[in-house]
Amino acid sequence: MAGILLSSAVLFFSACTVKRPIAPPEVPGHAMGSVSASEEAKSLKIIRLKENLISAAFQKALVLNNEDTAQADWLGRYYKAHDYELILQDRYFQGKQMEVLMTYLDSAVLHGLNPEIFYSTEIRSLWRKMEEMRSEDTKDAYRDKARLEVLLAASLIKYSRILQYGAVRPDSLYANYFIVTAQPDSSMAIKVLAVNDLKSYLDSIQPRSPQYLALQRALQMHAGTKAMSKVEADLVIKVNLERLRWKNKPLALKYVSVNIPDFSLEVMDQGKAILQMKVCVGEGRNKDYKNLLSQDPDTCLVKDQPIARETPQLSSMIYGVQVNPIWNIPASIARGEIARYVAADPDYLADNDIDVYRDGKLVSAEAIDWEQVGHYAFKQRPGEQNSLGKIKFLFNNNSSVYLHDTPTKSAFKKSNRAISHGCVRVEKPLELALALYGKGKIYDQIKRAMENAYPRAKNISLPAKVPVYLNYLTAWTDVKGSLQLRRDVYGLDMVLYSYMKNHHLIPVEDLSSANNSHRH
């Protein structure tokens, strides 16, 4: 009897939907209800067996890569709710839709991605198999159909997510990452599985920013620079393409952007840089540039371990300035540096206009217990010696970071300007104030205050807040279209590259090239 039931169930495999039991049709010459109870039970048993076999086929098909486990769970629920229909095969086996899909998956290399993360080889193999055995309705055939259906769904969802949001979540990868970055929700997957015209959809989700397209061209040309080999440049371009896929870009027409590894600041307005200048940023762990992607291809996963002075990646809103600022010296600097200076020169605090308070009361240098530095407040008065210069630009963040002037202008002559405690020193503070406030009474007030021979700290609000972004890009093209590459002063390229390599996101041939470069 089991053999008869199995044979009967197999006949159902050509159908795409698990049909629910319905009342037996009325047979001519017989009254309703005349079908024997045993025959009805047998029919229900066949249907249940069919449902179990199809469900089992899908469950087996839902075994995906480790990083896609959550997606597999979601797909399991989705297809169960849709009675395990072969939705995508029914839709995309018509016309040239499958050819379109494979073309886009194969072109993942143009994005610096490995097509195999989208199951391209297995999809192509099963698709060809389906083409050859369309008329076969066997248990094995349905298992292949279920597997192809799952892979098509997983591939489309993953491709859509990575092209629009990136393959990596930067806030989970980097310890000092505080830029608002959008992530997709489950509604995106539902929309993807409802797409009818694949070509129009896949074309619509291709990144099209000028910088992204320029880096794609540079990747295809295997471009390098005098300071960087082609192998190294290729890998640097790939990790920066991933950064450009993250949804963390400024939406405002006017904003301030600091590129940490380039030691530069731009004020952007209507898509154009209206002001550019050099900056000094926090000291970096790879300040000697010894770690190169192409020279360490076999490394294990590199975790982000920033040193205390590194400038964080963050986004915020500049809401004002403090002219002739007071520097509230962090306890870490007081403990690690000022204590040492005072030990060498008892007059150091007085000579550098630094006042020390405990419980709100001014104390002398001799009264300070340097073992209990955390109980004191160290403040540097406004003036020519103040480490923040004549002005600091205020924006909220949890890292106590801001843009500010500096009395040490010679630092801007250095090529490697990762030298600060974490804040960003700006080369042209007055010009930055003008770009933010514009000409008028407020700007004139700022200028006069900065020139005052008897400086007093004064906060001045910015009438319209301006977004500020401290970001990290080591590859881009300039206004002339020339490829610009920068070395990885904080080691953040290495962190991202090692993650992408360990999760097979980088094309295999790239890793081979890096290995060959290392060996020779």
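Procedures and definitions
For every chain, the first residue of its written sequence is number 1, and the numbers climb from 1 along that sequence. In keeping with the predicted nature of the model, local features appear solely for residues at pLDDT of at least 70, side-chain atom pairs appear and are counted solely at 80 or more, and the whole-chain, interface and lining totals rest on all residues. Remark: hydrogens and water are excluded; side-chain values derive from all non-hydrogen atoms of the structure. Secondary structure elements follow DSSP: runs of H or I of four or more residues count as helices, runs of E of two or more count as strands, with numbering from the N terminus. Remark: exposure states derive from per-residue accessible area (1.4 Å probe, protein chains only) relative to the maximum for the residue type, with buried under 20%, exposed over 50%, and partly exposed in between. A contact between two residues is defined here by any heavy atoms of the two lying within 4.5 Å. For accessible areas, the Shrake-Rupley method is used with a probe of radius 1.4 Å. Any residue's cover is judged against the shown protein chains and nothing else. Pairing of aromatic side chains here covers Phe, Tyr and the six-membered ring of Trp, requires ring centres within 6.5 Å, and sorts the geometry by plane angle: under 30 degrees stacked, over 60 edge-to-face, intermediate tilted. Note on criteria: charge over ring means Lys NZ or Arg CZ within 6 Å of the ring centre, with the direction from the centre no more than 35 degrees off the ring normal. Whenever Lys or Arg places a side-chain nitrogen within 4 Å of a carboxyl oxygen from Asp or Glu, that contact is recorded as a salt bridge. Under the convention used throughout, the expected extent of a helix is 1.5 Å for every residue step, that is, one less than its residue count. This arc is taken over the directions from the axis of the helix to the C-beta atoms. By this definition, two strands are paired if DSSP reports at least two bridges between them. Buried Ala, Val, Leu, Ile, Met, Phe, Trp, Tyr and Cys residues form a nonpolar core when they are joined through side-chain atoms within 4.5 Å. Axes, fitted as lines to C-alpha atoms, cover a helix only where it is in contact. Angles between the N-to-C directions of the axes lie from 0 to 180 degrees.

Caption draft 1: Broad picture of the overall build of the protein. When helices and strands are counted, the protein shows 18 helices and 16 strands. Relative to its full complement of 520 residues, the protein shows a buried share of 49%. For the protein, restricting intrachain contacts to residue pairs at least 6 apart in sequence, the fraction spanning at least 24 positions comes to 74%. With the model as given, the accessible surface of the protein reaches about 26,300 Å², and the carbon-plus-sulfur share is 52%.

Caption draft 2: Structural context of the packing of aromatic side chains. Within the structure shown, the criterion is met by 11 aromatic pairs. Relative to Y78, the ring of W74 has its centre 5.2 Å away and its plane inclined at 20 degrees; by these criteria the two rings are stacked. Separated by four residues within a single helix, W74 and Y78 lie in helix α3 (residues 69–81), roughly one turn from each other. One exposure class covers both W74 and Y78, and it is buried. Aromatic ring contacts, followed pair by pair, group F58, W74, Y78, Y79 and Y84 into a single cluster. Of note, R358 hangs over the ring of Y376, and the distance from its end group to the ring centre comes to 5.2 Å. Above the ring of Y402, the side-chain terminus of K392 is found at 4.5 Å from the ring centroid.

Caption draft 3: Representation of the pattern of salt bridges. Going through the model one piece at a time under the given rule, you end up with 18 salt bridges. Its salt-bridge partner being D262, residue R486 comes within 2.6 Å of it at the nearest N-O pair. Separated by 224 residues along the polypeptide, R486 in the loop between β16 (483–485) and α17 (492–502) and D262 in the loop between β2 (254–259) and β3 (264–269) bring together distant segments of the chain. Among the salt bridges present, the one from D405 reaches K409, with a minimum N-O distance of 2.7 Å. Exposure remark for D405: the relative accessible area of 5% places this residue in the buried category. Because the salt bridges share partners, they merge into one network encompassing E283, K287, R309 and E337.

Caption draft 4: Quick peek at helix α6 (residues 120–132). Helix length check: α6, at 13 residues, gives a terminal C-alpha distance of 19 Å against a target of 18 Å (1.5 Å per residue), a fit within 8%. Taken together, the buried positions of α6 are occupied by S120, I123, L126, W127 and M130. Buried residues of α6 fall within an arc of 135 degrees about the axis and therefore sit on the same side. Turned more than 90 degrees away from the buried face of α6, the exposed residues are R128 and E132.

Caption draft 5: Region of the structure containing the pairing of strand β7 (residues 354–358). Here β7 runs beside strand β9 (residues 377–380); their pairing, made up of four bridges, is antiparallel. By the bridge assignment, I354 is partnered in β9 with Q380. Pairing of β7 with strand β8 (residues 361–363) involves three bridges; the strand directions are antiparallel. Directly across from V356, in β8, lies its bridge partner V363. Counted between consecutive antiparallel strands, the loop separating β7 from β8 contains two residues, among which D359 sits at a positive phi close to 55 degrees.

Caption draft 6: How the structure looks around the environment of F178. Considering the arrangement of structural elements, one finds F178 in strand β1 (residues 177–178). In this structure the C-alpha to C-alpha distance between F178 and L314, which are 136 residues apart in sequence, comes to 4.3 Å. Setting aside residues no more than four positions away along its own chain, F178 makes contact with P312, Q313, L314, S315 and S399.

Caption draft 7: The arrangement of the nonpolar core in detail. Within the largest apolar cluster, 148 residues are counted, with the highest numbers of intra-cluster contacts made by L75, L202, V256, L265, L403 and L432. Sort the elements by how many residues they give to this core and helix α7 (residues 139–165) lands first, with 15 residues.

Caption draft 8: Structural view of the environment of M500. Inspection of the secondary structure puts M500 in helix α17. For the pair M500 and V239, spaced 261 residues apart in the sequence, the C-alpha separation amounts to 8.3 Å.

Caption draft 9: Examining the sheet that holds β8 more closely. Spatially, the four strands line up as an open sheet ordered β6-β9-β7-β8, and their pairing is antiparallel. Each edge of the open sheet is held by one strand with a lone partner, namely β6 (327–329) and β8. The sheet shows a mean angle of 40 degrees between the axes of neighbouring strands, taken without regard to direction. Across the sheet, helix α13 (residues 331–344) lies against β6, β7 and β9, angled at about 70 degrees from β6, the strand it touches most.

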